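Understanding the architecture of this molecule
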Amino acid sequence: MSDAIERPPGFTYRSDLKRQSRLCCEQLPVERLAERFGTPLYVYSARAIRERVRAFDHAFKDIEHTICYSVKANSNLAVLRLLGELGCGFDVVSGGELARVLAVRRAEKVVFSGVGKAAQEMEAAVRAKILLFNVESASELRVLEACAARLKSTASVALRVNPDVPADTHPYISTGLEKHKFGVPVCEARELYARAARSPHLRVAGISVHIGSQITNPTPFSAASQRVAEIVGELRRDGHTILYVDVGGGLGIPYQQQREEFSHLVRAYAEAVIAPLQGLGVKLLVEPGRSIVGPAGALLTRVLYRKANGGKKFIVVDAAMNDLIRPALYQAEHEIVPVEMARRAPEIVDIVGPVCESGDFFARARSLPAVAEGELLAILDAGAYGMALASNYNSRARPAEVMVEGKTAKLIRRRETIAELIRLERAN
Ligand SMILES: *Cc1c(COP(=O)(O)O)cnc(C)c1O
């Protein structure tokens, strides 16, 4: 078996006996998955997820830490179960995500983030006895206290502070500046901590930050950590117990061809985060989402039609923006490869879906080996914010999801049916 292109460890081209090179997920040719489960199809590699969690754990080995996987990146129950088995906790941002975690795991390592937690959602989390609430405003703190009081319980809180650190990423996924809706300005945090400390139903337990997503430069993480370390000192001088420092998520992944070794990237990230906090005796919570599951998943799609408008060539595929909205929403550039790697000349094409929007594209003016109608393409690095952001726009049923482990594939979410899409509606 010769590997023409290494895409470690999840997706690799392998040559079969006829010397044809085909894209595999672990030991399985993805073509077989497409035949068995149809397209568009999300395929995840369990081994890739496992190895990425291991790389994280290793990078943070010098400090007591818990990886609280950010559920919003990919919330499939099988993904959550696998991560739970690997020792991960979870970062949830809604009652729905909490319910997903509770379907597979206890809540002892769950942190609850988000700027708009409803009282009902917080009650469910207090009942489940989660580890930590990351509170984002004075009003939220008041509502949480009332919830805990009603349930005759105590909620552990951290304030999410806004460190006012620029993150150098897409504006939609940058969150750590004062102009953003997230967190509490540092100058207000002390007063809120004092208020929390006076309540018999709240327990001050930590501090949290999250500066944004898809950040590959360690400098902003280091700046945020430094800011947090200073605040931990001040809060302790005020008499608060600050046991947990939740540094959020946001480590980016390279979406283009040149793949840096993940262990290097995560090590540089860990060093930037840990250095300012070393010696404070805190327990670190890290909330990676994308960097754990992104490269572990691909979206398989079949070429429906080739067409040309004027001089421009289009490849129309059966997946669309409703299945993977990242290119339309964030100008994301996913690498797209033919599943069968035969030698052929490249051409410049737009790869587009069937949805009635010009924003429905996966790539524009992209060089791709000339593919035929009926062929399969794989859109890589689609494991995070892919299925999680999928919708039913154009009344399209969302894709099925498959988890591969070695030579076996498990259907972890079957394809929706059109009947399911309309079941909740009444025509009269
Ligand atoms: C989105 C989010 C994360 C995860 O971000 P990634 O970029 O996927 O690592 C972590 N924490 C919070 C509070 C978030 O909002």
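Residues numbered from 1 in each chain as written. Predicted model: local features only at pLDDT ≥ 70, side-chain atom pairs only at ≥ 80, totals over all residues. Heavy atoms only, no water.

The next point concerns the overall build of the protein chain. A count of helices and strands for the protein chain gives 12 helices and 21 strands. Whereas a compact globule of 428 residues would reach a radius of gyration of roughly 22 Å, the protein chain reaches 23 Å, a difference of no more than 12%. The dimensions of the protein chain, computed from C-alpha atoms along their principal axes, are 70 × 60 × 40 Å. Burial statistics for the protein chain: of 428 residues in total, 55% are counted as buried. Split by element, the accessible area of the protein chain, about 18,900 Å² in all, is 51% carbon and sulfur. (Helix = DSSP H or I, 4+ residues; strand = E, 2+ residues; numbered from the N terminus. Rg over C-alpha atoms; globule rule 2.2 N^0.38 Å. Buried < 20%, exposed > 50% of the residue type's maximum accessible area, 1.4 Å probe, protein only. Areas by Shrake-Rupley, 256 points an atom, 1.4 Å probe, with all protein chains shown as cover.)

The next subject is the pattern of salt bridges. According to the stated counting rule, one finds 24 salt bridges in the structure shown. A salt bridge links Asp-238 to Arg-190; its shortest N-O distance comes to 2.8 Å. Here Asp-238, found in the loop between helix H8 (218–237) and strand S12 (244–246), pairs with Arg-190, found in helix H7 (residues 186–198); they are 48 residues apart in sequence, far enough to count as distant. Asp-238 gets classed as partly exposed once you look at its relative accessible area, which sits at 36%. Overall, Arg-190 belongs to the partly exposed group, its relative accessible area being 42%. For Lys-313, the salt bridge identified is with Glu-347, shortest N-O distance 3.1 Å. Placement of the pair is Lys-313 in strand S15 (residues 312–317) and Glu-347 in strand S17 (residues 346–352), with a sequence separation of 34 residues. According to the relative accessible area criterion, Lys-313 is partly exposed, its value standing at 35%. In this structure, a network of salt bridges that share partners links the residues Asp-16, Arg-22, Glu-31 and Glu-340. (Salt bridge = Lys/Arg side-chain N within 4 Å of Asp/Glu carboxyl O.)

Not every one of the 14 residues close to the ligand is listed here, only the nearest: Lys-72, Ser-213, Glu-287, Arg-290 and Tyr-385. With respect to the ligand, the side chain of Asp-91 contributes an N or O atom lying 3.2 Å from a nitrogen atom. One of the backbone N or O atoms of Gly-289 is found 2.9 Å from an oxygen atom in the ligand. Coverage of the ligand by the protein amounts to 93% of the 390 Å² it exposes when considered alone. Split by residue class, the shell around the ligand holds 2 nonpolar, 7 polar and 5 charged. (Near = heavy atom within 4 Å. Polar contact = N/O pair within 3.5 Å; in protein donor to acceptor, adjacent residues only side chain to side chain. Nonpolar A, V, L, I, M, F, W, Y, C, P; charged D, E, K, R; others polar.)

Another aspect to go through is the domain arrangement of the protein chain. For the protein chain, the domain assignment lists domain 1 (3–38 + 296–422) and domain 2 (46–289). Taken together, the contact between domain 1 and domain 2 spans 24 residues of the former and 25 residues of the latter. Interface of domain 1 and domain 2: buried area, both sides summed, is about 2,200 Å²; carbon and sulfur atoms make up 50% of it. Our count for the domain 1 to domain 2 interface comes out at 1 salt bridge. Arg-50 serves as the salt-bridge partner of Glu-405, at 2.9 Å between the closest nitrogen and oxygen. Taken together, domain 1 and domain 2 are joined by 8 residue pairs in polar contact (both at pLDDT 80 or more). Sorting the residues of the side of domain 1 that touches domain 2 by element identifies helix H11 (326–330), strand S20 (400–405) and strand S21 (408–413) as the ones contributing at least two each. (Domains from an automatic or database assignment. Contact = heavy atoms within 4.5 Å. Buried area = accessible area lost by both parts, 1.4 Å probe.)

Each neighbour pair has its own omega, and for Thr-39 with Pro-40 the value is -10°, a cis peptide bond. Tracing the sequence through the fold places Pro-40 in the loop between helix H1 (30–37) and strand S4 (41–45). Phi at Gln-331 is positive, roughly 55°, even though this residue is not glycine. Here Gln-331 shows up in the loop between H11 and strand S16 (336–338). Residue classification places Gln-331 among the exposed residues on the basis of a relative accessible area of 55%. Here the phi dihedral of Tyr-385 falls at roughly 55°; this positive angle occurs in a residue that is not glycine. Mapped onto the elements of the fold, Tyr-385 is located in the loop between strand S19 (376–379) and S20.

In this section: the pairing of strand S8 (residues 132–135). Burial along S8 is two-sided: Leu-132 and Asn-134 facing one way and Phe-133 and Val-135 facing the other are all buried. As judged from the 2 bridges shared by strand S7 (residues 110–112) and S8, these two strands associate in the parallel manner. The residue bridging Val-111 from the neighbouring strand is Leu-132, located in S8. Handedness of the β-α-β unit built from S7, helix H5 (residues 119–127) and S8 comes out right-handed. Strand direction decides the pairing type here: S8 and strand S9 (residues 155–162), joined by 3 bridges, are parallel. Residue pairing across strands places Phe-133 opposite Val-157, the latter belonging to S9. Note on the crossover from S8 through helix H6 (residues 138–150) to S9: the handedness is right-handed. (Pairing = 2+ DSSP bridges. Right-handed = clockwise from strand over helix to strand, strands pointing away.)

Glancing now at helix H9 (residues 262–274). Counted at 1.5 Å a residue, the expected span for H9 with its 13 residues is 18 Å, and the 18 Å between its end C-alpha atoms agrees. Residues of H9 that are buried make contact with helix H2 (46–59), H8, strand S13 (283–286) and helix H10 (290–293). (Expected span 1.5 Å × (residues − 1).)

Consider a sheet: its strands pair through backbone hydrogen bonds, and that pairing is either parallel or antiparallel. The 3 strands lie next to each other as S1-S2-S3, forming an open sheet whose pairing is antiparallel. Of all the strands in the sheet, the pair left with one neighbour each is strand S1 (11–15) and strand S3 (28–29). Examined bridge by bridge, strand S2 (residues 21–25) and S3 share 2 bridges and lie antiparallel to one another. Residue Cys-24 lies in a different strand from S3, and its bridge partner there is Pro-29.

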